[in-house]
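Examining the three-dimensional arrangement
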Amino acid sequence: MDKKIKVLIAKPGLDGHDRGAKVVSRALRDAGMEVIYTGIRQTPEQIVATAVQEDVDSIGLSCLSGAHNKLFPKVVNLLKEKGAGEVLVFGGGIIPDEDIQGLKDAGISEIFLPGASTEDTIAFIKENVK
Amino acid sequence: MEDLVDGLLSGKVRSLAKAITVVENDRPGKRELLKRIYPKTGNSYLLGITGPPGAGKSTLTDKVIANLRKQGKTVGVIAVDPSSPFSGGAILGDRIRMQQHALDDGVFIRSMATRNHLGGLAKNTVDVIHLLDASGKDVIIVETVGVGQDEVDIVRIAQTTVVVMVPGLGDSVQIAKAGVMEIADVFAVNKADREGADKLFSEIRAMLDMVKGDFKPEIFRTVAVDDVGIDELVQGIFAHGDRVLTSGLVKEKLAQKAESELRAYLVDNIMERSTGLTLYDDVVKRIAAKEITPMDGVEELFTGLGMTKGEN
Ligand code: B12
Ligand SMILES: Nc1nc2c(ncn2[C@@H]2O[C@H](COP(=O)(O)OP(=O)(O)OP(=O)(O)O)[C@@H](O)[C@H]2O)c(=O)[nH]1
Ligand SMILES: [Mg+2]
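Residues numbered from 1 in each chain as written. Chains lettered and ligands numbered in written order. Predicted model: local features only at pLDDT ≥ 70, side-chain atom pairs only at ≥ 80, totals over all residues. Heavy atoms only, no water.

**Notes on the sheet that holds strand β2 (residues 34-37) of chain A**
The strand order across the open sheet formed by 6 strands is β5(A)-β4(A)-β3(A)-β1(A)-β2(A)-β3(B), and the pairing between neighbours is parallel. Strand pairing shows two members of the sheet lacking a second neighbour, β5 (111-112) of chain A together with β3 (90-92) of chain B, which therefore form its edges. Note that β2(A) and β3(B) share 3 bridges and pair parallel. Considered in β3(B), the bridge of A:E34 is made with B:A90. (Pairing = 2+ DSSP bridges. Helix = DSSP H or I, 4+ residues; strand = E, 2+ residues; numbered from the N terminus.)

In structure tokens:
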């Protein structure tokens, strides 16, 4: 309990589906984490700048619009550019199974699909945030 | 640590962010860090924005930032939101309203959870202010949590405190209850697009008319969502600052601020030093067993800590 885990939950791109992001934010809060939620329509640049200022341990990206293959890796790359490559990035939303491996190769640590329990997400964060 | 300090002082965003983490979490090195940057502080204008939940504090902050940026001033923001008393977690959402500034190098925004600290701020907010100050921000804005009656720590440290009020919350009661007559340097009647704003404005003015003295707060109407009334508000804020300067009250305010900072550490420190001691547990047990009174318990603890009471 000495260290609070800080997570940024962000929605990149034009996707307006925010229910999932809010569900996840609340679940993480209820697990004792400090969650920064920045709302919909964020560019990868905004997300990364926010993550750096807030010095978060982790970023959870949510996308239901189908633009994940472009937007998620962009966030990872920008983080590296800003010297914040150690930040754990994971994501969720409507993401076809065949895209998951590619996203993982691009540095997104895990993907959570509809039906995945938030307990799994919580356990994943707690295990992987140093 | 040296890297952090040098980076912070030369305006590196990541160093500042990491330094804040050290301070916020009472990590090792905090004391040294503060000692190093303390001489570089005291140059920022510290603005507090407070008011009831949902009054539009974040939206207003967003517009004030934009206004200050137009004037070429750099801005640091600390946005405080409450922690859940049940889980200890928090959703920090103030920032949603300020994301238009995310890519502006002249703006640094940091969210803080109260972690159950009372008073409308987080325990280490004041130290984070020092870091932003040392990093060279011209203006630092602190948005408090939505305040209740006693959550007004910000007034003791800010140069100017803006109290944001909105129509429709049971106005006269709101004014009287919040104790805001004492804490406001400037009033913003926000959501002035809504019914009841004029009535609220007059009610605040009527209450202010009963206050004597030269320091009568100005009242401004704002519609934060539509960026209306912000120029006037910002001018009013700095006008208040100027009045404090010319009145010679500055020294008094600084002393008040210093004392409130010292006191916070003093209380924490005494608690920290005491709770680790076997004497502490012993005293607790004896109070529970009705062997000694809590007042005598304090005396015993202090004697144990080597603190003797001065003569009086
Ligand atoms: C509700 C809904 C809407 C609502 C959104 C309300 C809102 N504010 O969110 C409305 C009606 C507005 C809407 C509009 C549209 N929608 Co819609 N919508 C849905 C629907 C039916 C359910 C989504 C939902 O809220 N689920 C409940 C939440 C809790 O689940 P979730 O978001 O999936 O999140 C869970 C997981 O995915 C995961 N998760 C999600 N994000 C994250 C993030 C992290 C970090 C983690 C760990 C986990 C995680 O955890 C969550 C909890 O288990 C889906 C279909 C579906 N079955 O998913 C279509 C769907 C997403 N919509 C779709 C479309 C096309 C649209 C529109 C473009 C329709 C149109 N032509 O106008 C618009 C676009 C709106 C916009 N601006 O983006 C498509 C997307 C297709 C695609 N990806 O190729 C879907 C899949 C429907 C379909 N089968 O075609 N929609
Ligand atoms: N009609 C109207 N709505 C406004 C105005 N200013 C803000 N709002 C809306 O009021 C709601 C709350 O605004 P915030 O800025 O989040 O309020 P806050 O005081 O920061 O809220 P907390 O931090 O949760 O206490 C949002 O939906 C805003 O869009 C205004 O001038 N007029
Ligand atoms: Mg707010």
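**Section: the coordination of the magnesium ion (ligand 3)**
Residue and element names in this part refer to chain B. Within the first shell, the magnesium ion (ligand 3) binds the protein through S58 (OG), D94 (OD) and E143 (OE), at distances of 2.1 to 2.2 Å. Read in sequence order, the donor residues for the magnesium ion (ligand 3) give the motif S-x35-D-x48-E. Of this pair, D94 sits in the loop between β3 and β4 (107-113) while E143 sits in strand β5 (residues 139-143), placing them 49 residues apart in sequence. Like D94, the residue E143 is buried in the burial classification. (Donors = N, O, S within 2.8 Å, 3.2 Å for Na, K, Ca; no water. Buried < 20%, exposed > 50% of the residue type's maximum accessible area, 1.4 Å probe, protein only.)

**Topic: the packing of aromatic side chains**
Taken as a whole and judged by the stated rule, the model has 4 aromatic pairs over all chains. Aromatic pair A:F112 and A:F124: ring centres 5.8 Å apart, planes at 70°, arrangement edge-to-face. Here the residue A:F112 occupies a position in strand β5, and A:F124 occupies one in helix α5 (residues 118-128), the gap between them amounting to 12 residues. On the accessibility criterion, A:F124 (13% relative accessible area) is buried. Ring centres of B:Y45 and B:F238 lie 5.0 Å apart, and the angle between their planes is 70°; this geometry places the pair in the edge-to-face category. Pair noted here: B:Y45 is in strand β1 (residues 45-50) and B:F238 is in helix α10 (residues 230-247), with a separation of 193 residues, a long-range link. Ring pairing ties together the aromatic residues A:F90, A:F112 and A:F124, which thus form one cluster. (Phe/Tyr/Trp six-rings, centres within 6.5 Å; stacked < 30°, edge-to-face > 60°.)

**Quick look at the side chain of B:R95**
Assignment of secondary structure puts B:R95 in the loop between β3 and β4. Assessed through its relative accessible area of 0%, B:R95 is described here as buried. Separated by 2.7 Å, the side chain of B:R95 and the backbone oxygen of B:I109 make a polar contact. The residues touching B:R95, leaving out its near neighbours within four places in the chain, are A:I36, A:T38, A:T50, A:Q53, A:E54, B:I109, B:R110 and B:S111. (Polar contact = N/O pair within 3.5 Å; in protein donor to acceptor, adjacent residues only side chain to side chain. Contact = heavy atoms within 4.5 Å.)

**Remarks on the interface of chain B and chain A**
At the junction of the two partners, chain B supplies 27 residues and chain A supplies 28 residues. Taken together, both faces of the contact between chain B and chain A bury some 2,300 Å²; the carbon and sulfur share is 49%. In terms of surface lost to chain A, no three residues of chain B exceed B:R14, B:I91 and B:Q99, which account for 25% of the buried area on that side. Taken together, chain B and chain A are joined by 5 salt bridges. A salt bridge links B:R95 to A:E54; the nearest nitrogen and oxygen atoms lie 2.7 Å apart. Put simply, the parts of the chain that give the side of chain B that touches chain A at least two residues each are α2 (13-24), β3 and β4 of chain B. (Buried area = accessible area lost by both parts, 1.4 Å probe. Salt bridge = Lys/Arg side-chain N within 4 Å of Asp/Glu carboxyl O.)

**Some points on the site of ligand 2**
Residue and element names in this part refer to chain B. Taken together, 17 residues sit near ligand 2, with K57, S58, T59, R97 and A224 positioned nearest. At 3.0 Å, a backbone N or O of G54 approaches an oxygen atom of ligand 2. Between ligand 2 and the protein, one listed contact pairs an oxygen atom with a side-chain N or O atom of R97 at 2.7 Å. Burial of ligand 2 by the protein amounts to 76% of the accessible area it has alone, namely 650 Å². Tallying contributions element by element places helix α4 (residues 57-70) first for the shell around ligand 2, with 3 residues. (Near = heavy atom within 4 Å. Areas by Shrake-Rupley, 256 points an atom, 1.4 Å probe, with all protein chains shown as cover.)

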